[in-house]
Amino acid sequence: MQFKINVLCHVMNDHQKFERCLVLSGGGSRFAYYLGIHAAAEACQKAPDLLLASCGGAIAGAIIQGLPDSYTRKQWVLSRKMYDYLHHLQVAPHVRLFPQLLKALSRYMACYTKLKGVTRIPDLYSDYLVDFPPTIPLPPPSQDGPAIAIVGGRLLYERCEIGSLRNGRPLFTEVLFGNERIRGLLDNVSSPVSSKDRRQSAIATEVEVMTGVPVADAVRISLADIFYTPCQPYGAHHYCGGVIDLYPLELARALAHDVTMELKPPFSRYMASPALRAVFGFDGNERLRHVHDQLLDVRIDTSDMEHAIPPSLIKRAQLLVNRVMVSPPSYDEYVSIVERQWQYGFSRGMEGYEQKQANLIRPRVCNRHNWSKK
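The shown structure was predicted, so the numbers you read here are calculated from the model rather than taken from an experiment.

**Here's the deal with the overall build of the protein chain**
Argument step 1. A count of helical and extended segments in the protein chain gives 13 helices and 13 strands.
Argument step 2. The C-alpha radius of gyration computed for the protein chain amounts to 20 Å, which stays within 12% of the reference 21 Å derived for 374 residues, consistent with globular compactness.
Argument step 3. Principal-axis analysis of the C-alpha atoms gives the protein chain an extent of 60 × 55 × 45 Å.
Argument step 4. When the 374 residues of the protein chain are sorted by exposure, 54% land in the buried category.
Argument step 5. By sequence separation, contacts in the protein chain at least 24 residues apart represent 80% of the contacts at least 6 residues apart.

Okay, here's the thing in structure tokens:
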């Protein structure tokens, strides 16, 4: 009898799944290319009814969800208020170049020791680079738009515990900010980046779904990249960004029948990968290879994104004053950059959606760090 109940529950959950999920994983200040990918999905009659977003992709997801058409969405990103928001992103006053380089070197060297896991609790409260303006210019959520789930991570330790020994305890819980339907579909689903699948991981097993969180707050949390921006307070807890699970393919599969996701470039071996290991305890490129090895309904190759399109912001090192600075473009340059990002996303999206055998696609930027297939 219990077996029949379990089978019935599985069938009911399967029927409750969304039809199509578009995963918006990262992108940083190049997030406008996701609007182009979504426009390609609409042009191919494959518009998603669920957006699963993390980091910069969360900004794009909120804009897609809140506005009715591709033109309006692009105009929102091209607006002065979005430009002004990006223009006011500045390196925090306490940040100095050489101490940051020494910290990065220490994390890099730790990758070559026997203690590759997280041994001490990291400082995500005060060890960061950029101050965010308090308000992100986003449209209000739409009742008619696709559903949206946004990835973040909840800290399981307090500021007073920073630097103390971890002693094998989980330090983070992977969190999705979504609706009740998403919560039901992910009931008892394990985090794909937890210690259950990655022995050294500092992430708890269960995924937590938080409902009722305003989209703007969820986006701000998802943008809180480790060592880049400070962790974000919300309610009684602090949260870090969507980089905790930047490629949540397994969660997308639990939520939708068809999944569209990108082929991504590898994490930097010198900066990003050591940072992920120092905080979360797992190898980001190993995780990326695992995701790329899995079957997908639609693959969109954006592995050359960092070379093909410019970012909306540029970080510059100023050696003489021991500082890191953010250099925003002029507004006219910004408009040109966003147009290039959008067109790149649209062309790569059309390429992916028109591909008949998605799993035969090989990344344009392909090496042993992001690709394990022969």
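Alright, that's what it looks like, and here's the rest.
**Some remarks on the state of the cysteines**
Argument step 1. Throughout the structure, instances matching the rule amount to 0 disulfides.
Argument step 2. Considering cysteine sulfurs only, C55 is the nearest to C21, which forms no disulfide, with 16 Å between them.

**With respect to unusual backbone geometry**
Argument step 1. Within the chain, C55 stands out as a residue other than glycine whose phi angle is a positive 50 degrees.
Argument step 2. Checked against the element boundaries, C55 lands in the loop between β2 (50–54) and α3 (56–66).
Argument step 3. Of note in the backbone geometry, N188 takes a positive phi value of approximately 65 degrees without being a glycine.
Argument step 4. Locating N188 in the fold gives a position in the loop between α7 (180–185) and β7 (208–210).

**Comments concerning empty space enclosed by the protein**
Argument step 1. The full count for this structure, using the stated rule, is 1 cavity of 30 Å³ or more.
Argument step 2. Of the voids in this model, the largest cavity is the one considered here, and its volume is about 50 Å³.
Argument step 3. Taken together, V193, V243, I244, D245, L246, Y247, F267, L276, F282, G284 and R287 make up the lining of the largest cavity.
Argument step 4. Along the lines of polarity and charge, the residues of the lining of the largest cavity split into 8 nonpolar, 1 polar and 2 charged.

**Description of a nonpolar patch on the surface**
Argument step 1. On the surface, L102, L105 and M109 cluster together into a nonpolar patch covering about 310 Å² of accessible area.
Argument step 2. As for its placement among the helices and strands, L102 is situated in helix α6 (residues 97–110).

**Considering the pattern of salt bridges**
Argument step 1. Enumeration according to the criterion identifies 13 salt bridges in this entry.
Argument step 2. We note a salt bridge from K264 to E262, for which the minimum N-O separation is 3.4 Å.
Argument step 3. Note on E262: relative accessible area 3%, which makes it buried.
Argument step 4. Across the pair R364 and E351 runs a salt bridge, and its minimum N-O distance is 2.6 Å. On the criterion of sequence distance, the pair formed by R364 in the segment after α13 (331–354) and E351 in helix α13 is long-range, its members being 13 residues apart.
Argument step 5. You can call R364 partly exposed: its relative accessible area is 41%.
Argument step 6. By relative accessible area, E351 is classed as partly exposed at 36%.
Argument step 7. Here the residues in one salt-bridge network are D245, E250 and R287, joined through shared partners.

**Concerning the confidence of the model for the protein chain**
Argument step 1. Overall, the prediction assigns the protein chain a mean pLDDT of 90, with 93% of residues at 70 or greater.
Argument step 2. When the criterion is pLDDT under 50, residues 1–12 qualifies, and its contacts beyond four places in sequence or with other chains add up to 0 contacts.

**Considering the environment of V219**
Argument step 1. Tracing the sequence through the fold places V219 in helix α8 (residues 215–222).
Argument step 2. For V219, a relative accessible area of 0% corresponds to the buried category.
Argument step 3. Excluding residues that lie within four positions of it along the chain, V219 makes contacts with A58, I59, A62, I136, L138 and I150.

About the cut-offs
Residues numbered from 1 in each chain as written. Predicted model: local features only at pLDDT ≥ 70, side-chain atom pairs only at ≥ 80, totals over all residues. Heavy atoms only, no water. Helix = DSSP H or I, 4+ residues; strand = E, 2+ residues; numbered from the N terminus. Rg over C-alpha atoms; globule rule 2.2 N^0.38 Å. Buried < 20%, exposed > 50% of the residue type's maximum accessible area, 1.4 Å probe, protein only. Contact = heavy atoms within 4.5 Å. Disulfide = S-S within 2.5 Å. 1 Å grid on protein atoms, 1.4 Å probe; cavity = no way out; pocket = protein on both sides within 12 Å on 5 of 7 lines; lining within 4 Å. Points joined across faces, edges and corners; volume = space filled by probe spheres on them. Nonpolar A, V, L, I, M, F, W, Y, C, P; charged D, E, K, R; others polar. Patch = residues over 30% accessible without salt bridge, like charges linked within 9 Å, V, L, I, M, F, W, Y side chains within 5 Å. Areas by Shrake-Rupley, 256 points an atom, 1.4 Å probe, with all protein chains shown as cover. Salt bridge = Lys/Arg side-chain N within 4 Å of Asp/Glu carboxyl O. pLDDT = per-residue confidence, 0-100.

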